[in-house]
Amino acid sequence: MKNQLPRLQSFVEQNTSNIIVLADRHTLRDCYPLLGSEVRYILIPYGEIYKNLNSCEYIWKKLVEFGATRNTILLCLGGGVLCDMGAFAGACYQRGIRVVLVPTSLLAMVDASTGGKTGVNFLHFKNYIGLFSEADEVFVCPVFLETLPSIEMTNGFVEMLKHGLIADAKHYHNVKEFFSEDDKALDYQLIYDSIAIKKRFVDQDFRDIGLRKRLNFGHTVGHALEAHSLFINDENESISHGTAVALGIIVESFISHQESGLSADELNQITQVLQPLALGVKEEIPKLEVLMPYLLKDKKNENKKISFSLIKAIGESEHNREISVGLIADGLAYLRKLK
Ligand SMILES: NC(=O)c1ccc[n+]([C@@H]2O[C@H](COP(=O)([O-])OP(=O)(O)OC[C@H]3O[C@@H](n4cnc5c(N)ncnc54)[C@H](O)[C@@H]3O)[C@@H](O)[C@H]2O)c1
């Protein structure tokens, strides 16, 4: 797959009067100029705390003010927060207008813009209100990454490592090299490889009732940590999505070692790679009792049991594993002990 910027620019040029861009302050400053044509835009605040129904209402009001119709194209120019929320708002407005995703963060490129999951957070639970609704088009242009802060790159790398862990050992090892070496420029081909892995799962299980759940490896604990952190801190002090998922991957790799046959050697390898992200926030890992309400609300659960996706080896995964509360507590204890 090639850089799609020229195709994006000609798409914008051909549809200037129909397009309304959704941007935040960062993407308006750094990404909007690369679209190449002047188009109308709606500016929303950046950040996970604004991923909610109030922001959607604001977007809908602005669409009404602009006189948007079913012919309008809402072009979501931003990271995962903006793409998830914009795609949801677009799918609901007048029962659905055209939505085009232009992911500008690494995480949004490799993860959020593929697979049709749209939505917002609700009552402190992640992505609790939303729709499965595929975008009409997605343009992946790695050139946008040139302005992305390095902490945000890390968030994307964690999801790319996860793609390798659940489905492709070679991809895991390739991504790990870039993740571990600060100054090594990312080979953009790895972005497209990650998207292809995600697509393989989505194509087999769009509604997320079976195989697709494996993409959630690391996210059962990760989402609980992230949601709790957002609940008790303001956004600047809360754990980032990537760090939360990295911690989740460490805990869930420990559980995989106990329950799914992941070898001690591979558990150590994974821990070593992700450990640097854990060290800064280890003190903030709450007790299991505190995380339980979030774990019990995980969307993968069935029959009030906490269900995990786990790995049997690097590159091999399984889903629908019910895990005891005691083992989850052991996993959190393993995380706290890391030096
Ligand atoms: N729909 C899905 O399948 C899916 C999958 C994974 C994650 N997600 C969601 O994605 C969200 C996290 O996304 P994220 O990590 O992209 O965070 P984000 O959307 O908050 O973006 C991170 C920050 O980077 C800025 N930014 C984005 N692109 C930039 C660029 N090119 N230059 C400069 N600044 C830029 C944004 O303004 C923001 O401040 C979470 O809400 C998560 O739930 C969705």
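Remember, predicted model here, so these are calculated numbers, not experimental data.

Student: Tell me what's going on with the site of the ligand, and back it up with residues and numbers.
Tutor: Lining the immediate surroundings of the ligand are 26 residues, of which D24, E48, T104, S105 and T147 lie closest. Here an oxygen atom of the ligand sits 2.5 Å away from a polar atom, N or O, in the side chain of S105. For the ligand, a nitrogen atom lies 2.7 Å from a polar atom in the side chain of T147. Here the ligand loses 92% of its free accessible area of 870 Å² to cover by the protein chains. When grouped by side-chain class, the residues that make up the shell around the ligand number 8 nonpolar, 8 polar and 10 charged.

Student: Now, about the pattern of salt bridges: what can you tell me, with residues and values included?
Tutor: Here the structure, examined in full by the defined rule, presents 14 salt bridges. Here E57 and K61 are joined by a salt bridge, their closest N and O atoms 3.7 Å apart. Note that E57 and K61 are positioned in helix α3 (residues 53-65) at a spacing of 4 residues, about one turn of the helix. Note on E57: relative accessible area 41%, which makes it partly exposed. A salt bridge links E318 to R321; the shortest N-O distance between them is 2.9 Å. Look at E318 and you get buried, because its relative accessible area is 15%. On the basis of relative accessible area, R321 is assigned to the partly exposed category, the value being 23%. A cluster of three or more residues bridged by salt bridges with shared partners is formed by D111, E159, K162 and K198.

Student: I'd like a rundown of the pairing of strand β3 (residues 73-78), residues and numbers included.
Tutor: Consecutive side chains along a regular strand alternate between the two faces of the sheet. Within β3, 6 of the 6 residues are buried, which leaves it mostly tucked inside the rest of the structure. Bridging between strand β1 (residues 19-23) and β3 involves 4 bridges; their strand directions are parallel. Following the sheet pairing, I19 is matched in β3 by I73. Bridge count between β3 and strand β4 (residues 98-103): 6 bridges; the pairing is parallel. Its bridge partner being in β4, L77 is matched across the sheet by V102. With helix α4 (residues 80-92) bridging β3 and its parallel neighbour β4, the resulting β-α-β unit is right-handed.

Student: Can you lay out a nonpolar patch on the surface for me, pointing to particular residues and giving the numbers?
Tutor: A contiguous nonpolar patch, built from L53, F122, L123 and Y128 and spanning about 350 Å² of accessible area, is present on the exposed surface. By the element assignment, L53 lies in helix α3.

Student: Which residues make up the nonpolar core, and what are the values?
Tutor: Among the nonpolar cores identified, the biggest contains 88 residues, and L8, L106 and I191 are the most heavily contacted of them. Setting aside anything within four residues of it in sequence, one finds L106 in contact with L145, L148, M153, G156, F157, M160, L186 and I191. By size, the runner-up hydrophobic cluster in this structure holds 21 residues, among which are L22, L63, F88 and I97.

Student: Just give me the short version of α4, but keep the residues and values in it.
Tutor: Along its 13 residues, α4 runs 18 Å from first to last C-alpha, staying within 8% of the 18 Å computed at 1.5 Å per residue. Counted residue by residue, α4 has 11 buried out of 13 residues, so it is predominantly covered. All buried positions along α4 are accounted for by G80, L82, C83, D84, M85, G86, A87, F88, A89, G90 and A91. Immediately downstream of α4, the backbone of Q94 shows phi near 50°, a positive value.

Student: Can you tell me about the packing of helix α6 (residues 150-167) against helix α7 (residues 169-180), naming the residues and giving the values?
Tutor: Helix-helix packing is described using two parameters, namely the angle between the two axes and the distance between the axes. Direction vectors running N to C along α6 and α7 enclose 155°, while the axes themselves pass 7 Å from each other. Between α6 and α7, the angle is such that the two are roughly antiparallel. The handedness of the crossing between α6 and α7 is left-handed. When α6 is examined against α7, the residues T154, F157, M160, L161, H163, G164, L165 and A167 are found in contact with a partner set consisting of A169, H171, Y172, V175, K176, F178 and F179. Looking at the contact of α6 with α7 residue by residue, the classes come out as 10 nonpolar, 4 polar and 1 charged.

Student: Please provide a residue-by-residue account of the packing of aromatic side chains, values included.
Tutor: Here the structure, examined in full by the defined rule, presents 7 aromatic pairs. With 5.3 Å between their ring centres and 40° between their planes, F125 and Y128 make a pair best called tilted. Y128 sits in the partly exposed class, given a relative accessible area of 33%. Where F125 meets Y294, the ring centres are 6.2 Å apart and the plane angle is 65°; that geometry is what we call edge-to-face. Taken together, the residues F125 in strand β6 (residues 125-132) and Y294 in helix α12 (residues 288-296) connect sequence positions 169 residues apart. A connected cluster of aromatic rings, assembled from ring pairs, spans F125, Y128 and Y294.

Student: Please set out the sheet that holds β1 residue by residue, giving values where relevant.
Tutor: Pairing within the open sheet is parallel, and its 5 strands lie in the order β2-β1-β3-β4-β7. One side of each edge strand has no neighbouring strand; the edge strands of this open sheet are β2 (40-43) and β7 (137-138). Where β1 lies against β2, 4 bridges are found, and the strand directions are parallel. The residue bridging V21 from the neighbouring strand is Y41, located in β2. Strands in contact with α4 are β1, β3 and β4; relative to β3, the strand with the most contacts, it is inclined by about 165°.

The rules behind each value
- Residues numbered from 1 in each chain as written.
- Predicted model: local features only at pLDDT ≥ 70, side-chain atom pairs only at ≥ 80, totals over all residues.
- Heavy atoms only, no water.
- Near = heavy atom within 4 Å.
- Polar contact = N/O pair within 3.5 Å; in protein donor to acceptor, adjacent residues only side chain to side chain.
- Areas by Shrake-Rupley, 256 points an atom, 1.4 Å probe, with all protein chains shown as cover.
- Nonpolar A, V, L, I, M, F, W, Y, C, P; charged D, E, K, R; others polar.
- Salt bridge = Lys/Arg side-chain N within 4 Å of Asp/Glu carboxyl O.
- Helix = DSSP H or I, 4+ residues; strand = E, 2+ residues; numbered from the N terminus.
- Buried < 20%, exposed > 50% of the residue type's maximum accessible area, 1.4 Å probe, protein only.
- Pairing = 2+ DSSP bridges.
- Right-handed = clockwise from strand over helix to strand, strands pointing away.
- Patch = residues over 30% accessible without salt bridge, like charges linked within 9 Å, V, L, I, M, F, W, Y side chains within 5 Å.
- Core = buried A, V, L, I, M, F, W, Y, C linked by side-chain atoms within 4.5 Å.
- Contact = heavy atoms within 4.5 Å.
- Expected span 1.5 Å × (residues − 1).
- Axes fitted to C-alpha atoms, helices over the stretch in contact; angles between N-to-C directions.
- Parallel < 35°, antiparallel > 145°, perpendicular 65-115°, else oblique.
- Left-handed = near helix turned anticlockwise from the far one by under 90°.
- Phe/Tyr/Trp six-rings, centres within 6.5 Å; stacked < 30°, edge-to-face > 60°.

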